[in-house]
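Chains, contacts and geometry: an overview
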Amino acid sequence: MSIEVTEISKYFGQQKALDQISFTVGQGSITGFLGPNGAGKSTMMKILTCFIPQSQGTAKVCGYDVFENSYEVKQQVGYLPEHNPLYLDMYVKEYLAFAAGIHKLKNIDARVKEMVEITGLTLEQRKKIGALSKGYRQRVGLAQALIHNPKVLILDEPTTGLDPNQLVEIRTLIKELGKEKTVLFSTHILQEVKAVCDNIIIINKGKIVANSDAKTLQAGNNLHVILSIELDKSIAIKELQGIQHVLEVKKIDEFKWQITFNKADDIRQAVMKLALENNITILSMKIEEQSLEDIFQKLTN
Ligand code: ADP
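Since we're looking at a predicted model, the values are computed, not measured. (Residues numbered from 1 in each chain as written. Predicted model: local features only at pLDDT ≥ 70, side-chain atom pairs only at ≥ 80, totals over all residues. Heavy atoms only, no water.)

It is worth spelling out the layout of surface pockets at this point. Here the largest pocket is characterised by a volume of approximately 730 Å³. In this structure, the largest pocket is lined by 22 residues; those nearest its centre are Lys74, Ile102, His103, Gln144 and His148. Elements supplying a minimum of two residues to the lining of the largest pocket: helix 2 (70–76), strand 6 (77–80), helix 3 (92–102) and helix 5 (134–146). Top element by residues in the lining of the largest pocket is helix 3. It accounts for four residues. Looking at the lining of the largest pocket residue by residue, the class counts come to 13 nonpolar, seven polar and two charged. If you go around the second largest pocket, the residues you meet are Arg111, Glu114, Met115, Ile118, Leu146, Asn149, Leu173, Glu176, Leu177, Lys179, Glu180 and Lys181. Taken together, the elements giving at least two residues each to the lining of the second largest pocket come down to helix 4 (108–118) and helix 6 (164–177). (1 Å grid on protein atoms, 1.4 Å probe; cavity = no way out; pocket = protein on both sides within 12 Å on 5 of 7 lines; lining within 4 Å. Points joined across faces, edges and corners; volume = space filled by probe spheres on them. Helix = DSSP H or I, 4+ residues; strand = E, 2+ residues; numbered from the N terminus. Nonpolar A, V, L, I, M, F, W, Y, C, P; charged D, E, K, R; others polar.)

Taken domain by domain, the chain comprises domain 1 (3–212) and domain 2 (220–300). Domain 1 and domain 2 are separated by 44 Å when their C-alpha centres are compared. A buried area of about 770 Å², summed over both sides, lies between domain 1 and domain 2, and 78% of it is on carbon and sulfur atoms. Viewed at the interface, domain 2 and domain 1 are joined by zero residue pairs in polar contact (both at pLDDT 80 or more). (Domains from an automatic or database assignment. Buried area = accessible area lost by both parts, 1.4 Å probe. Polar contact = N/O pair within 3.5 Å; in protein donor to acceptor, adjacent residues only side chain to side chain.)

On to the sheet that holds strand 10 (residues 207–212). The sheet built from six strands is open, its strands ordered 6-7-8-3-9-10 with mixed pairing. Pairing within the sheet leaves two strands with one partner each, and these edge strands are strand 6 and strand 10. Averaged over all adjacent pairs, the angle separating strand axes in this sheet is 15°, with direction ignored. Pairing of strand 7 (residues 152–156) with strand 8 (residues 182–187), which is carried by five bridges, proceeds in the parallel orientation. Considered in strand 8, the bridge of Asp156 is made with Ser186. Against the sheet, helix 11 (residues 292–300) makes contact with strand 3 (30–34), strand 9 (199–204) and strand 10, and its axis sits at roughly 35° relative to strand 9, the strand it touches most. (Pairing = 2+ DSSP bridges. Axes fitted to C-alpha atoms, helices over the stretch in contact; angles between N-to-C directions. Contact = heavy atoms within 4.5 Å.)

In this structure, Leu96, Val140, Leu155 and Ile200 are the most contacted members of the largest nonpolar core, which totals 44 residues. Looking at this core, you find at least three residues from each of domain 1 (3–212) and domain 2 (220–300). The residues contacting Ile200, other than those within four sequence positions of it, are Gly32, Leu34, Val193, Ala210, Asn211, Ser212, Ala214, Leu217 and Leu292. Among the nonpolar cores identified, the runner-up in size contains 25 residues, and Ile8, Ile21, Phe33 and Ala39 belong to it. (Core = buried A, V, L, I, M, F, W, Y, C linked by side-chain atoms within 4.5 Å. Buried < 20%, exposed > 50% of the residue type's maximum accessible area, 1.4 Å probe, protein only.)

Further remarks concern the pairing of strand 13 (residues 256–262). Strand direction decides the pairing type here: strand 11 (residues 224–231) and strand 13, joined by seven bridges, are antiparallel. Paired with Glu230 across the two strands is Lys256, which belongs to strand 13. Across five bridges, strand 12 (residues 246–251) lies against strand 13 in antiparallel orientation. In the strand pairing of strand 13, Lys251 is matched with Trp257. In this structure, the hairpin formed by strand 12 and strand 13 is closed by a connection of four residues.

Once that is clear, we can look at the packing of aromatic side chains. All chains considered together, the criterion is met by five aromatic pairs. Relative to Phe33, the ring of Phe23 lies with its centre 5.7 Å away and its plane at 45°, an arrangement referred to as tilted. Taken as a pair, Phe23 in strand 2 (residues 15–25) and Phe33 in strand 3 lie far apart in primary sequence, ten residues in all. Ring centres of Tyr95 and Phe98 lie 6.5 Å apart, and the angle between their planes is 40°; on these two criteria the pair is classed as tilted. Residue Tyr95 and its partner Phe98 are located together in helix 3, separated by three residues, close to a single helical turn. Judged by relative accessible area, which is 6%, Tyr95 ranks as buried. (Phe/Tyr/Trp six-rings, centres within 6.5 Å; stacked < 30°, edge-to-face > 60°.)

Here we take up the site of the ligand. Around the ligand sit Phe12, Gln15, Ala17, Pro36, Asn37, Gly38, Ala39, Gly40, Lys41, Ser42 and Thr43, and those are all the residues in its vicinity. Within the contact set of the ligand, an oxygen atom lies 2.7 Å away from a side-chain nitrogen or oxygen of Gln15. Contact distances for the ligand include 3.1 Å between an oxygen atom and a backbone N or O atom of Ala39. For the shell around the ligand, the secondary-structure elements that each account for two or more residues are strand 2 and helix 1 (41–48). If one sorts the elements of the shell around the ligand by residue count, helix 1 sits on top with three residues. (Near = heavy atom within 4 Å.)

Shown next as structure tokens:
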């Protein structure tokens, strides 16, 4: 495992920002760290990158303990903090050489050149960072995180504030980087997680509320299914409630209904039979799968 977190808690004074969190991230996978604002994502990432200590529990990166072996952890981890703090008066190449110097790299020029190519900064490399667009600043941040060739990348909201084109570019870059490295990145864009991640961890109020791949997460939360129907005539609610295995009936309007049932107990035949007996035509019938957005709201509300 590249990241192993065991029962980590973090207090800020009286406030518990993380509450006995445990999870692992496998080598070479991309994991999305999701949660509403204030859930504890940045706090967890700061602990994993040795910026702040945990109050309780243990966390290891590539087998090194973040508290006891912080020097080794920092060698294994590339970190792009939230809001991507950069020296705006420095030139791109100058800044990356400075970052390489902090890591005491020997082949600084060659490494900077390589990073500029990997992150698509060739045309911007001689500009001041302050003159770059947000998307290119994110690339500089990523280049900085990658400069010492870490095995693990921790990216705190790397796509926040980007326009749709920049978003796609940075996502593609993260996906590309994920082929070689373990990536843990936080976001609140659900489509992004679906598009990029092998695994999703959802955190709410300092606790993990889901940890699986997107498909399993959707399947697990779709045990209750909603059937939307449209009829040509009105029907009494109790008729629909009377169908065996129906859990809930919701009236949308005079002719439209939503009926909830367990996935294991398909009620569609029974609905058709009821319609036939009452001389009603079913104009449409559709099973509504819960989207990732619905699941996220359900888990974090
Ligand atoms: P997220 O990244 O999911 O938005 P954070 O990890 O930044 O959440 O914050 C989790 C909680 O911890 C929040 O309630 C936040 O106010 C609190 N918190 C974070 N950092 C500090 C700090 N340095 N001092 C006090 N409270 C903090």
